Every structure is written in C-alpha cells, then in structure tokens.
Amino acid sequence: MKKVFALIVCLAILIPSIAFSAGTVTVTRKSVIPNFIEQIIFTCTGDSSDGSIPNTSFTQQDLRHVIGMYLYAVTAYPTSGGTAPDAADVFILNAQNEDLLGSADNSTAANGANLIHASLGRTTLPRLTLPSVNFYPVVSGLLTLQVANQATHSANYTVVLTFVK
C-alpha cells in the first residue's frame, strides 16, 4: 500500500512538469559582415503554462565574436508561423545587472517597453538611465536577455542584438 501511495505521489508531481514544458530560448550567431557587423539571435518559445522564458545569456564562444564591439540595436519580432506573443518588455542586462535599454530598476522598461509585439517587428537603441540619452555600449562581457509581461502560452518570437565595430 505504501508503494502504491508513493507511486501516486510521484506521478502527481511528474505529470504537470511533463505536460507543461518550460519556456525555451535558442541562441545563434550570424556574421552579417564578419568582424564588422555581428548579430546574436534569441529564438524564443514561451512556457506552455504562463508564456515566460528563462533569462538567457549567449555563450562564451559567441562573446569572442562581439567583444569590443558596440551594441547598436535590439530588434524583436513574432516568429513566422508561430503563436503570436503579447506586447512584452525586453531588458538587455550586462554583467553588472544594468539594463542597457535604460531601465532604472530592471523591472520598469524604458527603450525596451513593449518591444515585443503580436504582429510587428520593432527596433530600439541602447539607452543610458541618467541622463536619458541613447548610447552604444562596448561589449566587455556576456549580455543576458530578460523578457517581462509576455503571457501568451507557447508564444514564438525572436530578439536580435546587432553589434557593430
């Protein structure tokens, strides 16, 4: 009887985690003009239960191609043929946990506000928090994509970081 009860408890714990897959992010790199224009591409699928994705950094190997370059622009668009996302906010965090799109507190978006749109592609520029001006930070370490307020289950969207020399 104890074994049956233990089996039922285990199944009750495992089945929801199998049925509801976590959000996923695939990171790729594209050399538009090698050593002059590089892109890091985050292809995202929201969680099937709440639409979220994990905060995701690109790899050390990708960093080798963009270190010393300037973050020039951040573009987001719904992935063709996928489930359209909600309007959502994008944050690009550096190693010091500073949002390079200008958020003062990493929860209230500035230039990344509603960057993800259900049917449109949108592009923004990096921005300083104080004073509120656009700037192009030099990449000196890994950058992390953070997305907030995207609640469409299994939504598909892409975020592209463009770097220039």
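Structure report, in brief. For clarity, every value in this text was computed on a predicted model and none was experimentally measured. (Residues numbered from 1 in each chain as written. Predicted model: local features only at pLDDT ≥ 70, side-chain atom pairs only at ≥ 80, totals over all residues. Heavy atoms only, no water.)

### Brief notes about the overall build of the chain
When helices and strands are tallied, the chain shows two helices and eight strands. Element order for the chain, N to C, with α for helix and β for strand: α-β-β-β-α-β-β-β-β-β. The buried share among the 165 residues of the chain stands at 40%. On the chain, roughly 8,800 Å² of surface is accessible, and the fraction owed to carbon and sulfur atoms is 60%. (Helix = DSSP H or I, 4+ residues; strand = E, 2+ residues; numbered from the N terminus. Buried < 20%, exposed > 50% of the residue type's maximum accessible area, 1.4 Å probe, protein only. Areas by Shrake-Rupley, 256 points an atom, 1.4 Å probe, with all protein chains shown as cover.)

### Regarding the sheet that holds strand β7 (residues 144-148)
The three strands lie next to each other as β3-β7-β5, forming an open sheet whose pairing is antiparallel. Since the sheet does not close on itself, it has two edges, and those belong to β3 (56-57) and β5 (89-93), each with one partner. Of the strand pairs in this sheet, β5 and β7 are connected by five bridges, and their pairing is antiparallel. Within β7, the residue paired with D89 across the bridge is A148. (Pairing = 2+ DSSP bridges.)

### Some points on the environment of Q61
Mapped onto the fold, Q61 is located in helix α2 (residues 60-66). For Q61, a relative accessible area of 51% puts it in the exposed group. Once the C-alpha coordinates of Q61 and R29 are considered, the two residues, 32 residues apart in sequence, prove to be 9.7 Å apart.

### A look at the environment of V138
Secondary-structure assignment places V138 in the loop between β6 (122-124) and β7. The spacing of V138 and Y72 is 66 residues in sequence and 9.4 Å in space, taken between C-alpha atoms. Apart from the residues lying within four places of it in its own chain, the contact partners of V138 are G68, M69 and Y70. (Contact = heavy atoms within 4.5 Å.)

### Some points on the nonpolar core
Grouped together as the largest cluster of nonpolar side chains are 29 residues, with contacts concentrated most on F42, F58, V74, I92, L145, L161 and F163. Secondary structure elements with two or more residues in this core: β2 (37-45), α2, β4 (70-78), β5, β7 and β8 (156-164). (Core = buried A, V, L, I, M, F, W, Y, C linked by side-chain atoms within 4.5 Å.)

### So, the side chain of Q146
In this fold, Q146 is placed in strand β7. Only 3.4 Å separates the side chain of Q146 from the backbone oxygen of N106, close enough to count as a polar contact. Beyond its immediate chain neighbours, meaning those up to four positions away, Q146 contacts N55, D89, V90, F91, L93 and N106. (Polar contact = N/O pair within 3.5 Å; in protein donor to acceptor, adjacent residues only side chain to side chain.)

### So, the environment of S119
With respect to the helices and strands, S119 occurs in the loop between β5 and β6. Its relative accessible area of 56% is what places S119 among the exposed residues.

### Concerning unusual backbone geometry
Phi is mostly negative for residues that are not glycine, and the peptide bonds are mostly trans. Look at N114: it is not a glycine, yet its phi comes out positive at around 50°. By the element assignment, N114 lies in the loop between β5 and β6.

### Thoughts on the packing of aromatic side chains
Using the criterion set out here, one finds two aromatic pairs in the structure. Measuring from centroid to centroid gives 5.4 Å for Y72 and Y136, while their planes differ by 20°, and the two rings are stacked. Pair noted here: Y72 is in strand β4 and Y136 is in the loop between β6 and β7, with a separation of 64 residues, a long-range link. (Phe/Tyr/Trp six-rings, centres within 6.5 Å; stacked < 30°, edge-to-face > 60°.)

### A word on the pattern of salt bridges
Under the criterion given, the structure shown has two salt bridges. One salt bridge connects E38 with R29, and the closest N-O pair in it is separated by 3.2 Å. With a relative accessible area of 1%, E38 lands in the buried category. On the accessibility criterion, R29 (30% relative accessible area) is partly exposed. Linked by salt bridges that have partners in common, R29, E38 and D62 make up one network. (Salt bridge = Lys/Arg side-chain N within 4 Å of Asp/Glu carboxyl O.)

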